[in-house]
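So the chains spell out like this:
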Amino acid sequence: MRELFASGRIVELILGFMLLEAVVLGFYHRRRGRGIRPLDLALNLAAGALLLLALRAAIIDPDPLAPAPYLAVALFAHLADLARRWQR
């Protein structure tokens, strides 16, 4: 278990579960016409996934600036998500 965290593999596992979540929720929305709209879901999951990638970069890369690109893009995904929610 320690190696799962130390290697950053835990992030990959969580990203896999997030992908499964996106598929299930997308399928539900498509079949029922209810639930989270696909673009809203994608923006929300993108922001979270990018934060996880920043965490992975911080774990596996000794460079303290390694997470910076992921954090910058996560900010844009988060702001796009907020903008869509604000309009409603």
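Heads up: the structure comes first, above all this text.
Just so it is clear, the model here is predicted, and its values are computed rather than measured.

**Quick word on the nonpolar core**
Next, step 1: The biggest cluster of nonpolar side chains holds 7 residues, and these are Ile10, Val11, Met18, Leu41, Leu45, Ala49 and Leu52.
Next, step 2: Among the secondary structure elements, those contributing two or more residues to this core are helix H2 (9-32) and helix H3 (38-60).
Next, step 3: Per element, the largest residue contribution to this core is 4 residues, and it comes from H3.
Next, step 4: Ignoring anything within four residues of it in the chain, the contact list for Leu52 reads Val11, Ile14, Leu15 and Met18.

**Looking at H2**
Next, step 1: With 24 residues, H2 ought to run about 34 Å at 1.5 Å a step, and its terminal C-alpha atoms sit 35 Å apart, in line with that.
Next, step 2: The set of residues buried in H2 consists of Ile10, Val11, Met18 and His29.
Next, step 3: On its buried side, H2 packs onto helix H1 (2-6) and H3.
Next, step 4: At the C-terminal side of H2, Gly33 shows a positive phi close to 70 degrees.

Each value, and the rule that gives it
Residues numbered from 1 in each chain as written. Predicted model: local features only at pLDDT ≥ 70, side-chain atom pairs only at ≥ 80, totals over all residues. Heavy atoms only, no water. Core = buried A, V, L, I, M, F, W, Y, C linked by side-chain atoms within 4.5 Å. Buried < 20%, exposed > 50% of the residue type's maximum accessible area, 1.4 Å probe, protein only. Helix = DSSP H or I, 4+ residues; strand = E, 2+ residues; numbered from the N terminus. Contact = heavy atoms within 4.5 Å. Expected span 1.5 Å × (residues − 1).

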